[in-house]
Amino acid sequence: MALVPQASISAADTAWMMTSTVLVLLMTLPGIALFYAGMVRRKNVLATMACVVAIAAVVSLTWFALGYSLAFTPGWPWLGGTGRFWFAGFDYLKDAGTLAVSHVAPNVPETVYAMFQLSFAIITTALVLGAFVERMRFSAVLWFALLWSVLVYAPIAHWVWEPGGWLAQMGALDFAGGSVVHVNAGVAGLVCAYALGRRRGYGREPFEPYNLAFTMAGASLLWVGWFGFNAGSAMAADGRAGLAMLVTHVAAAAGAASWMIAEWTVRRSPSLLGLCSGLVAGLVAITPAAGFVTPPSALAIGAIAGLACYWGATGLKRLLGADDSLDVFGVHGIGGIVGALLTGVFADKAISGASGNVLTQAIAVGGVAVYSAAGTAIVLFLVRALVGLRVDPDSEVQGLDLAQHREHIGG
Amino acid sequence: MDGHVMSESERIALAARLHVALRRKHGRVTDTEWMAVNAEYATEMVRFARAHAADTHDDELAAIALRLEQAMEPLARAARLEAAARLPDGSGRQPPPKYIGGLR
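Please read these numbers as outputs of a predicted model, since none were measured by experiment.

Brief notes about the overall build of chain A
Thinking step 1. Across its full length, chain A holds 16 helices and three strands.
Thinking step 2. Here chain A, with 411 residues, has 59% of them falling under the buried criterion.
Thinking step 3. The long-range share in chain A, meaning contacts at least 24 apart out of those at least 6 apart in sequence, stands at 78%.
Thinking step 4. Here chain A displays about 14700 Å² of accessible surface, and carbon together with sulfur accounts for 68% of that area.

The structure is reproduced here in structure tokens:
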């Protein structure tokens, strides 16, 4: 948190971080919007997309008002400070020739770093949506995004990514958000699914996805955008970023292949949705490991994650009994846990100077999961008291496009 | 087509017309009732009638074949969906129902 001469900023790093920010934002708008909207029923497609756009808007405001400061300024091991509250401190002083930088990323303007981290806060909150689509009130979604992004996401980001955070101090490795983003979103999604209850007809009627071509387009945007997510997390346009990009791609391919083989073996047919889910599983699992592992390790991580997440979205889902509508826990939760633990196995000291420890990784996963579950439950309690969580039964039957937004898909 | 879904009796009436026309114009005997309920058999008879109509330049026979084909389309579509739902391993087994209790 300092003003430095403008000449001390790296133009290459700044350009790469701005590019990465755009890539990560594309993962949500329209990546997640398409990925999720393709999987819901026709009557809820526009409502799902509206929720993604609204979450992006709400989290953008809470981030610069409160979240960024709580996550990325020095404070306590559990929470950051208040020095960047209410959009304060993002100075660019032409006459003095200085600008603000973050102590976490001193080579790029703090405006760029804060925007890059904002894109993570947005996508994490948007991921949770997949667990409660087709039944949550739109007003409840807005309140949930507002409270959850500040009370749950920001503290966890501080623990892991701010050097004074307790998990960072402990040596937990999370290059781009295996725990902060995926374990957090997965566990929060599961809590939401339990709290809201199942959709009407769940387990008795087929919930036909509207258009899996949308989902494929969304998954493709996720795959490409993930290069910004992981390689951008190097905070520099350097060799480590290049390695992160390569291992990200290898893991995505391995995840798609292993899920496909599992599905082909068990169900006798490889599905498009399975391929899309597998590539996302591989991407999720390589996220914490991207700046710490070699390409062969990435292959193993992606392949293991594809199999684990296939089980997460099928066998484990039945075991848990929750209507986690779009398998947020099965894919992001399980993929995040697998990736975080395997980072402890495969982290190569020669790459970053950091060696992994599975026990430390497990403590980080456990800490994030417990806080995320408790925090999400409290947020849902508050939202229920404020506006109620669930739409009425008639609205659910009619579909949220019409009932909540008075819009519908033509044709 | 006007989007009207024909009843079984209407399909039987059309199948009977094709039966009479084929018997009279070609000497071919068909099963009227089976033609009205089995899309696969009806498709084959329509193909046969069309081929004969093309050979003899018989517009009336071609028109009857077209009407029956249109009337049988809902049944043919259902048969195609059923075939697509079968496991592609040649076993003919039906997989578990899709999208009930889970997407994947």
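Let us keep going from here.
Brief notes about the state of the cysteines
All names here are of chain A.
Thinking step 1. Taken as a whole and judged by the stated rule, the model has zero disulfides over all chains.
Thinking step 2. With no disulfide partner, Cys-192 has as its closest neighbouring cysteine sulfur the one in Cys-51, 12 Å distant.
Thinking step 3. Cys-309 forms no disulfide, and the closest cysteine sulfur to it belongs to Cys-276, at a distance of 14 Å.

A short note on the sheet that holds strand E2 (residues 92-93) of chain A
Residues and elements named next belong to chain A.
Thinking step 1. Taken in spatial order, the three strands of this open sheet run E1-E3-E2, and their pairing is antiparallel. Edge positions in the open sheet fall to strand E1 (2-5) and E2, since each of these has one partner strand only.
Thinking step 2. Note: E1 against strand E3 (residues 98-101), four bridges, orientation antiparallel. Within E3, the residue paired with Val-4 across the bridge is Leu-99.

Some points on the packing of helix H3 (residues 110-132) of chain A against helix H7 (residues 212-231) of chain A
Residue and element names in this part refer to chain A.
Thinking step 1. Across the interface, H3 lies against H7 with an axial gap of 11 Å and an inter-helix angle of 135 degrees. Overall, the two elements H3 and H7 adopt an arrangement that is oblique. Between H3 and H7 lies a crossing whose hand is left-handed. Of the residues in H7, those in contact with Phe-116, Phe-120 and Ile-123 of H3 are Leu-222, Gly-228 and Phe-229.
Thinking step 2. Residues of the contact of H3 with H7, tallied by class, amount to five nonpolar, one polar and no charged.

Reading guide: rules and limits
Residues numbered from 1 in each chain as written. Chains lettered and ligands numbered in written order. Predicted model: local features only at pLDDT ≥ 70, side-chain atom pairs only at ≥ 80, totals over all residues. Heavy atoms only, no water. Helix = DSSP H or I, 4+ residues; strand = E, 2+ residues; numbered from the N terminus. Buried < 20%, exposed > 50% of the residue type's maximum accessible area, 1.4 Å probe, protein only. Contact = heavy atoms within 4.5 Å. Areas by Shrake-Rupley, 256 points an atom, 1.4 Å probe, with all protein chains shown as cover. Disulfide = S-S within 2.5 Å. Pairing = 2+ DSSP bridges. Axes fitted to C-alpha atoms, helices over the stretch in contact; angles between N-to-C directions. Parallel < 35°, antiparallel > 145°, perpendicular 65-115°, else oblique. Left-handed = near helix turned anticlockwise from the far one by under 90°. Nonpolar A, V, L, I, M, F, W, Y, C, P; charged D, E, K, R; others polar.

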